[in-house]
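# Chain and residue survey
In case you want the letters, here they are:
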Amino acid sequence: MRQNPSFTLADVAEIRRIVDADPWATIVSHGPDGLVASHYVVLLDDDHDDLTIVGHVGRPDDLIHGLGERELLVVFQGPHGYISPGWYGDVQSVPTWNYTAVHLAGIPEILGDEENLAVLDRLVDRFEGRMPEPRRMWERPNEPAFVTRLAGGTVGFRLTPTRVVAKRKLSQNKPAETVETVIAELEGDGPYAQPALAAEMRRAQQARTGAVR
């Protein structure tokens, strides 16, 4: 991802927030047959306060990616959306796309069976916990043998990135009044309304002006 000083995101806490909020990731590697990409949910590692992540792939994706042997690129995409040039007022401008993205790269560590199960358990709890009647991984009608068998079809990993590139392109290069207009359009009811992106832009504006997050 090409970096631009105006849009660079280097705050680890902010990067962690983005990863935690949008954990659906694209995993990319380069093997003997060229580039390959997979899509999985990846979580921050509870045992670290840096950008270490944990996740799993289904077999045979572990072999396709050479898991544990070569570098992985894990891409997280935050809120994003179309920005109309009409929102900039009567000035020369072209359409663009605002977005937040995080790239974490490194060679992952393969998890043992017990730790992989713990990660899978946490993954289920993370999303089922919001349901009115959560279906936990080890609860009936699931039997332990069923859970263990399914877990055996996955390979867990932990990745402490050796390269991090994070970008927050949210109209920071525009005047404050223009940013406010864009936010208002995104919060509205037009065809390109995107409240989540508006909230992200508001957060970036507050960070620029030193306002409390």
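We now turn to the structure provided with this report. Every value quoted in this text rests on a predicted model; they were computed, and no experiment measured them. (Residues numbered from 1 in each chain as written. Predicted model: local features only at pLDDT ≥ 70, side-chain atom pairs only at ≥ 80, totals over all residues. Heavy atoms only, no water.)

## Topic: the overall build of the protein
Helices and strands together make up the secondary structure of the protein, namely 6 helices and 8 strands. When the helices and strands of the protein are listed from N to C terminus, the series reads α-β-β-β-α-β-β-β-α-α-β-β-α-α. Along the first, second and third principal axes, the C-alpha set of the protein runs to 65 × 45 × 30 Å. Residue burial in the protein is summarised as follows: out of 213 residues, 41% are buried. Considering the protein, the positive charge centre built from 22 side chains and the negative charge centre built from 31 side chains are found 4 Å apart. (Helix = DSSP H or I, 4+ residues; strand = E, 2+ residues; numbered from the N terminus. Buried < 20%, exposed > 50% of the residue type's maximum accessible area, 1.4 Å probe, protein only. Lys, Arg positive; Asp, Glu negative; His and termini not counted. Charge placed at Lys NZ, Arg CZ, Asp CG, Glu CD.)

## Section: the environment of Ile-183
Position of Ile-183 among the secondary structure elements: in helix H5 (residues 176-187). On the accessibility criterion, Ile-183 (0% relative accessible area) is buried. Each C-alpha atom of the pair Ile-183 and Leu-197 lies 8.1 Å from the other, and the pair is 14 residues apart in sequence. The residues touching Ile-183, leaving out its near neighbours within four places in the chain, are Ala-198, Met-201 and Arg-202. (Contact = heavy atoms within 4.5 Å.)

## Description of the environment of Gly-86
Within the secondary structure layout, Gly-86 lies in the loop between strand E4 (72-83) and strand E5 (96-106). Separated by 68 residues in the primary sequence, Gly-86 and Thr-154 have C-alpha atoms spaced 48 Å apart.

## Regarding the environment of Asp-45
For Asp-45, the location among the structural elements is in the loop between strand E2 (34-44) and strand E3 (53-58). On a C-alpha basis, the gap between Asp-45 and Pro-23 in space is 12 Å, while along the polypeptide they are 22 residues apart. Ignoring sequence-local partners within four residues, the contact set of Asp-45 consists of Thr-52, Ile-53, Val-54, Arg-122 and Arg-158. A distance of 3.0 Å separates a polar atom in the side chain of Asp-45 from the backbone nitrogen of Asp-47. (Polar contact = N/O pair within 3.5 Å; in protein donor to acceptor, adjacent residues only side chain to side chain.)

## Side note on unusual backbone geometry
For the peptide bond that leads from Arg-59 to Pro-60, omega is 10°, which places it in the cis range. With respect to the helices, strands and loops of the structure, Pro-60 is situated in the loop between E3 and helix H2 (61-64). At Ser-171, a residue that is not glycine, the phi angle is positive and equals roughly 65°.

So yeah, pure geometry; function would need other evidence.
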